[in-house]
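Examining the three-dimensional arrangement
What follows is each chain in one-letter form.
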Amino acid sequence: MSTAAFVVAAAGSDVLNVIAAFVGGAVIAGALIWAVQFGMRVRDRELPRPRPDEQPSLPSTGAIHEIREMREPDELPLAEQERLMPYQLHHSGSKRGKDQNRRRWLPGSSGGFGSGGLGHV
């Protein structure tokens, strides 16, 4: 093959690469335009946003505040004769604790397990 044949073959593949890149870009741009139009049609079919007077408001008694309480596990009763049935259990796995004082860290105690402290002294 001569040098001229290589130049023609190289030029032909460059043109094909440019055309393929242009067609690929046009396909992607077309897909994006279609997706935006589809999203606009879907949004037009949705219910309108609520007006300001339809927004939720605070109750007449005011804001509801958080209640803090210490909870303790609700122990399961020992079933000596038969197994316990679901209706024999309570709805919650914990109950309000008798001692409502918040536990604090003991002075001289370490942080958590593996924290590198000396532990309880």
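From a predicted model like this one, the values you see are computed outputs, not experimental measurements.

Pairing between side chains of opposite charge can happen when their charged atoms approach one another. What the rule picks out here adds up to five salt bridges. The shortest N-O distance in the salt bridge between Glu-54 and Arg-51 comes to 3.2 Å. Glu-54 gets classed as partly exposed once you look at its relative accessible area, which sits at 43%. Where Glu-66 meets Arg-68, a salt bridge forms, and the shortest distance between an N and an O atom there is 3.9 Å.

Residues given the UniProt feature "transmembrane region" (unreviewed entry) here are residues 15-36. Across residues 15-36, the secondary structure splits into 100% helix and 0% strand, with the terminal C-alpha atoms separated by 32 Å.

Next up on the list: the packing of aromatic side chains. Evaluated as defined, the whole model comprises one aromatic pair. Measuring from ring centre to ring centre gives 5.4 Å for Trp-34 and Phe-38, while their planes differ by 15°; the resulting arrangement is stacked. Residue Trp-34 and its partner Phe-38 are located together in helix 1 (residues 3-45), separated by four residues, close to a single helical turn. Classification of Phe-38 by relative accessible area gives partly exposed; the value is 38%.

Okay, the environment of Gln-100 next. Position of Gln-100 among the secondary structure elements: in the segment after strand 2 (94-96). Since its relative accessible area comes to 27%, Gln-100 is described here as partly exposed. Considering only alpha carbons, one finds Gln-100 and Arg-68, 32 residues apart in sequence, at a separation of 9.2 Å. Apart from residues no more than four positions distant in its own chain, Gln-100 is found in contact with Glu-69 and Met-70. Only 3.0 Å separates the side chain of Gln-100 from the backbone nitrogen of Met-70, close enough to count as a polar contact. Side-chain polar atoms of Gln-100 contact the backbone oxygen of Gly-97, separated by 2.7 Å.

There is a patch of nonpolar side chains on the surface, built from Val-15, Ile-19, Phe-22, Val-23 and Val-27 and spanning about 500 Å² of accessible area. Of note, Ile-19 is situated in helix 1. For Ile-19, a relative accessible area of 45% puts it in the partly exposed group.

Calculation notes
- Each chain carries its own residue numbering, running from 1 in the direction its sequence is written.
- For this predicted model, a pLDDT threshold of at least 70 governs which residues receive local features, and a threshold of 80 or more governs which side-chain atom pairs are given and counted, while totals over whole chains, interfaces and linings are taken from all residues.
- In computing side-chain values, all of the structure's heavy atoms are included and hydrogens and water are not.
- Salt bridges are identified by distance alone: a Lys or Arg side-chain nitrogen within 4 Å of an Asp or Glu carboxyl oxygen.
- Think of it in three bands: with a 1.4 Å probe and only protein chains considered, a residue is buried below 20% of the maximum accessible area for its type, exposed above 50%, and partly exposed in between.
- UniProt positions are given in the numbering used here, feature names are shortened, and annotations may be inferred rather than shown by experiment.
- Helix and strand definitions here come from DSSP, where helices need a minimum of 4 consecutive H or I residues and strands a minimum of 2 consecutive E residues; each element is numbered from the N-terminal end.
- The criterion for an aromatic pair is that two Phe, Tyr or Trp rings (for Trp, the six-membered ring) have centres within 6.5 Å, with stacked assigned to planes under 30 degrees apart, edge-to-face to planes over 60 apart and tilted to the rest.
- Residues are treated as being in contact if the distance between any of their heavy atoms lies within 4.5 Å.
- By the criterion applied in these results, polar contacts are pairs of N or O atoms within 3.5 Å in which, for protein atoms, one can donate a hydrogen and the other can accept it, and in which residues neighboring in sequence qualify only through two side-chain atoms.
- Patch membership requires over 30% relative accessible area and the absence of a salt bridge. Like charges are linked within 9 Å, and nonpolar side chains (Val, Leu, Ile, Met, Phe, Trp, Tyr) within 5 Å.
- All accessible areas in this document rest on Shrake-Rupley with a 1.4 Å probe, and a residue is counted as covered only by the protein chains that are shown.

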